Amino acid sequence: MRPRHPVFALAAAAVVLTGCSHLPVSVQGPAPLGKKHTLDCATQQLIHLGYTIEAGDGVVGFVRGEKAIDGSRRHVLNAMVFDDATTGAATLRVTAVFRTKTSNRSPWKRGTADADSIMATCAEADAPTSSAR
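Conventions and cut-offs
Residues numbered from 1 in each chain as written. Predicted model: local features only at pLDDT ≥ 70, side-chain atom pairs only at ≥ 80, totals over all residues. Heavy atoms only, no water. Core = buried A, V, L, I, M, F, W, Y, C linked by side-chain atoms within 4.5 Å. Buried < 20%, exposed > 50% of the residue type's maximum accessible area, 1.4 Å probe, protein only. Helix = DSSP H or I, 4+ residues; strand = E, 2+ residues; numbered from the N terminus. Contact = heavy atoms within 4.5 Å. Axes fitted to C-alpha atoms, helices over the stretch in contact; angles between N-to-C directions. Parallel < 35°, antiparallel > 145°, perpendicular 65-115°, else oblique. Left-handed = near helix turned anticlockwise from the far one by under 90°. Nonpolar A, V, L, I, M, F, W, Y, C, P; charged D, E, K, R; others polar. Pairing = 2+ DSSP bridges. Disulfide = S-S within 2.5 Å.

S.K.: How should the nonpolar core be read in this particular structure?
M.R.: Across soluble globular proteins, nonpolar side chains have a tendency to be buried as a group. The biggest cluster of nonpolar side chains holds 21 residues, and the ones touching the most others in it are Leu77, Leu92, Val94 and Ile118. Secondary structure elements with two or more residues in this core: α2 (35-48), β4 (74-83), β5 (90-99) and α3 (109-122). Apart from the residues within four sequence positions on either side, Ile118 is in contact with Ala42, Gln45, Leu46, Leu49, Leu77, Leu92, Val94 and Ala123.

S.K.: What is the right way to look at the packing of α2 against α3 in this model?
M.R.: With their axes 10 Å apart at the nearest point, α2 and α3 run at an angle of 140 degrees to one another. In terms of axis orientation, α2 runs oblique to α3. Regarding α2 and α3, the two cross each other, and that crossing is right-handed. Contacts between α2 and α3 involve Thr38, Cys41, Ala42, Gln45 and Leu46 from the first element and Ser117, Ile118, Thr121 and Cys122 from the second. Residue composition of the contact of α2 with α3, by class: 5 nonpolar, 4 polar and no charged.

S.K.: Just to check I follow, could you spell out the pairing of β5 for this structure?
M.R.: The two faces of the sheet receive side chains in turn, since in a regular strand these alternate between them. Taken across its 10 residues, β5 has 8 buried, putting it largely inside the fold. Note that strand β1 (residues 25-30) and β5 share 6 bridges and pair antiparallel. Residue pairing in the sheet places Val25 in a bridge with Ala96 of β5. If you look at the hairpin formed by β4 and β5, you'll find 6 residues sitting between the two strands, and Gly88 has a positive phi there, around 80 degrees.

S.K.: Hey, could you run me through the state of the cysteines in this one?
M.R.: Here is the idea: a disulfide is a covalent bond, and it sits between the sulfur atoms of two cysteines. This model, assessed by the stated rule, comprises 1 disulfide. Across the disulfide, Cys41 is cross-linked to Cys122 (sulfur-sulfur distance 2.1 Å). Taking the torsion about the S-S bond as the criterion, the Cys41 to Cys122 disulfide, at about -80 degrees, is left-handed. Of this pair, Cys41 sits in helix α2 while Cys122 sits in helix α3, placing them 81 residues apart in sequence. Here the two residues Cys41 and Cys122 agree in accessibility, since each one is buried.

Written out as structure tokens, the structure is:
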């Protein structure tokens, strides 16, 4: 693998530090119940939180739910369960975004709280989660 140029690292750090308003929020953590049960849990939590299931694939391991704010704005949550490449353990990642007719933006607090709720219910509660907030 080729080393990255330092300018790219500085640019990435600047984006993170300035809190770019168009980035989705992702949280992830271990899924000790396994892929199928964790994905089922995430699907049920989305429904419980008022999201409509718009897409999903149990074989691939993802589900997408959308919650309308008004006619053209909505919260979108994507839950994906995958095997961690380094440990082989099942991992749940929930990504939240706020969608308008013309763009995707960082989620509102409600969308972020919903992502955290799915993690708290469906992933290992005492494990640290990573976040791109």
